[in-house]
Amino acid sequence: MASDEAPTPAADRIRVVGKWVGALEVDLGAWTVPMLRAEVARRVGDGVEPDRVGLIFGGRVLKDDPPASLREAGLKGNSKVLCSLTSPDRAKEIAAEAAKAKAEEEHAARLVRLWDAAKALSQRHTDGSFLEDEDYNLDLEDQSGQKVMFGSVEDMKALKMALMLHQKGKTQMKRKMYKEALDVLTMAEEAFSLCDSKLIEKVDNVPMLQLDIVWCYFVLRDVSCLEVAGTRLEKARVGFERSHGKDSSRFRVLQAGRQADLAIYVRLELLEGVVAYYNGHAERARGSLTSAQAKYLQLQVPDEAISMLMDMGYEARSAKRALKMTGYDIQSSVDLLCEEREKKIRRREEDRERQREILEQMRYGRTPMNKAVDLQKLKGLTTIGFEKYLAAEALRINENDAEKALDLLTNPEQNCILQSKIQAKRSRASRGIGAGSSSSRAAAARTAPINNAQASVSAPQHAADGNAPPLTGDGNAPPLAGDVNAPPLAGDGNAPEGNDADGNLPEGNDADGNPLEGNDAQLLDSEEAMINEETENEDVAMTDEVAVDDEHSNSNPVPARDVSMESELAHDLTGDALDDYDIDVSDEGQAIAEYLSLLEPAASS
């Protein structure tokens, strides 16, 4: 009698030798290596764990990862598999080695991704490449928030890249991830080496990087780096003196007499004392540590002073930072806090202007090399009388070459052809206006949040001697920024609530970290209303002033992006010019006391 049930596939037999000998009936297409390992462990008995069972077939070890069927692993019917049994300790050791190797491989891959993402960001945000889905822009700024043009285009790219990596390393240091931070800081050092040495020798970003690297050595207790630590500290000392001036005299002028750099010198002198101690120079070590301790005591802010500023409405952390940087002077602290608030408001206004520019650039489309239309050159052409949409299209198809665009516009025949193409495109757009306005709104929504997350890579104002002031990613020039305006939004398009992943305050708070109140809140509300109104107006304009697509427009496709890594780098940029000088020196204070106590026996003898 025929059966309605499908016949069960015949099982394959494999032979196992070694610690256990026998034949197993298996389905080569369904069984995996972990399943075979578990079955052999069961047959061995005595409660043997599967991870103690080693399987060898055809001269190679069968591995669980990636999961694969026995057939995919190469086994066939009557295949012979050798099994072995490791000791419990050895099994754990092998598993630990495998986990370590995998972690190192993942870490190396992540470093490559970081380097590539920083390189892509610095390239794109220097040469004007155009991406419709990018809602931030990176520029170099000085401490006063003024944009800085530094050296050649290649120097700008290298500097942005170095500052982004440096900021990423500092973020990891704040999270106590010192080993990971050390690798990223080393990459930042490599990126700085790509800059013209004369360009960066007057700024304190590079000495700050040297100091951060040695601090990682110290926290990790890496005595093997003692010699190189001493060399790095010497470079840091020379670099700070060059950028800050003798006894920080130049820095004091730039900072209106404030001592924002005091915490940096606490760390520097502590590390110099530690290196001297381990090299057997007790007196030199004692001198450095004693000086560091004196500076450390100056940074201990009285609770009463903090309370006075908090009574005025300032947040505790901002109040403490201002007091440390002004030597507990209440009036100077208030002045500093007010300055920071004014900078934040000014930056917000600049961000709104930059948002308008990005929206306008979107309307004009991409050049053949995937770059945005240069608005400064566009302004130059409109100033001499050409219609804006026509001048923008001439620049777009000529790769922002203003002379070629002018030649085209002044040639009656070519000008007529260009206008005909634009008119034809407008006609096609008008027939599909519904879809066009929808995509316009989507584009506007992506760029709308360009507001206050600027991390500025600044180069401070020029001193009286005419030399370039310290750029600092650490005070004299906040980390790379520039309008790194607006870190990536949450999945719903709204700004995240509360503090962000790095402990930074969300947008919409004032310079002191407090929610905006009164006039500040009204200013923010009015700005948001204006942005929404402008966005709606842009939707209509985009259907009129749309770039002419030609068959060569995208001859250079946009390279693949690591969006998550780029967003992570941009998100780390805070735009706080003084954040890197605001070091919590509690760990330094403990270390100073520890090493001074170690030097006491030598002094008594």
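Keep in mind that this is a model prediction, so the values were computed, not measured.

Enquirer: Explain the overall build of the protein here, please?
Expert: Broken down by element type, the protein carries 21 helices and 5 strands. Considering the protein as a whole, with its 605 residues, one finds that 47% of them fall into the buried category. A sequence separation of at least 24 residues applies to 72% of the contacts in the protein between residues at least 6 apart. In the form shown here, the protein has an accessible surface area of approximately 29700 Å², with 51% of it arising from carbon and sulfur atoms.

Enquirer: In this structure, what is going on with the confidence of the model for the protein? I would like to understand it.
Expert: Low pLDDT means the predicted atomic positions in that stretch should not be read closely. Scored by pLDDT, the protein has a mean of 75; 73% of the residues are at 70 or more. Across residues 1-8, confidence stays below pLDDT 50; counting only partners more than four residues off in sequence or on other chains, it has 0 contacts. Within the model, the stretch residues 433-553 combines pLDDT values under 50 with 322 contacts to residues more than four positions away or in other chains.

Enquirer: Please explain the environment of Val 585 as it appears in this structure.
Expert: Structurally, Val 585 is set in the loop between helix H20 (563-571) and helix H21 (586-604). A residue is classified by how much of its surface remains accessible, and Val 585, at 6% relative accessible area, is buried. Note: C-alpha distance between Val 585 and Tyr 296 (289 residues apart in sequence) is 7.2 Å. Once residues within four sequence positions are removed from consideration, Val 585 is found in contact with Ala 263, Val 266, Tyr 296, Leu 299 and Gln 300.

Enquirer: Even after reading the chapter, I still don't get the pairing of strand E1 (residues 12-18), so can you show me in this structure?
Expert: Within a regular beta strand, the side chains point alternately toward one face of the sheet and then the other, so they alternate between its two faces. Pairing of E1 with strand E2 (residues 22-26), which is carried by 5 bridges, proceeds in the antiparallel orientation. Paired with Ile 14 across the bridge in E2 is Leu 24. As consecutive antiparallel partners, E1 and E2 are separated by 3 residues.

Enquirer: Got a minute to help me understand unusual backbone geometry in this structure?
Expert: Glycine aside, residues mostly have negative phi angles, and peptide bonds mostly take the trans form. The backbone of Lys 176 sits at a positive phi, close to 65 degrees, despite the residue not being glycine. Looking at the element boundaries, Lys 176 is found in the loop between helix H3 (153-174) and helix H4 (178-193). A relative accessible area of 56% places Lys 176 in the exposed class. Its identity is not glycine, yet Glu 399 carries a phi of approximately 55 degrees, on the positive side. Within the fold, Glu 399 resides in the loop between helix H15 (388-397) and helix H16 (402-410).

About the cut-offs
- Residues numbered from 1 in each chain as written.
- Predicted model: local features only at pLDDT ≥ 70, side-chain atom pairs only at ≥ 80, totals over all residues.
- Heavy atoms only, no water.
- Helix = DSSP H or I, 4+ residues; strand = E, 2+ residues; numbered from the N terminus.
- Buried < 20%, exposed > 50% of the residue type's maximum accessible area, 1.4 Å probe, protein only.
- Contact = heavy atoms within 4.5 Å.
- Areas by Shrake-Rupley, 256 points an atom, 1.4 Å probe, with all protein chains shown as cover.
- pLDDT = per-residue confidence, 0-100.
- Pairing = 2+ DSSP bridges.

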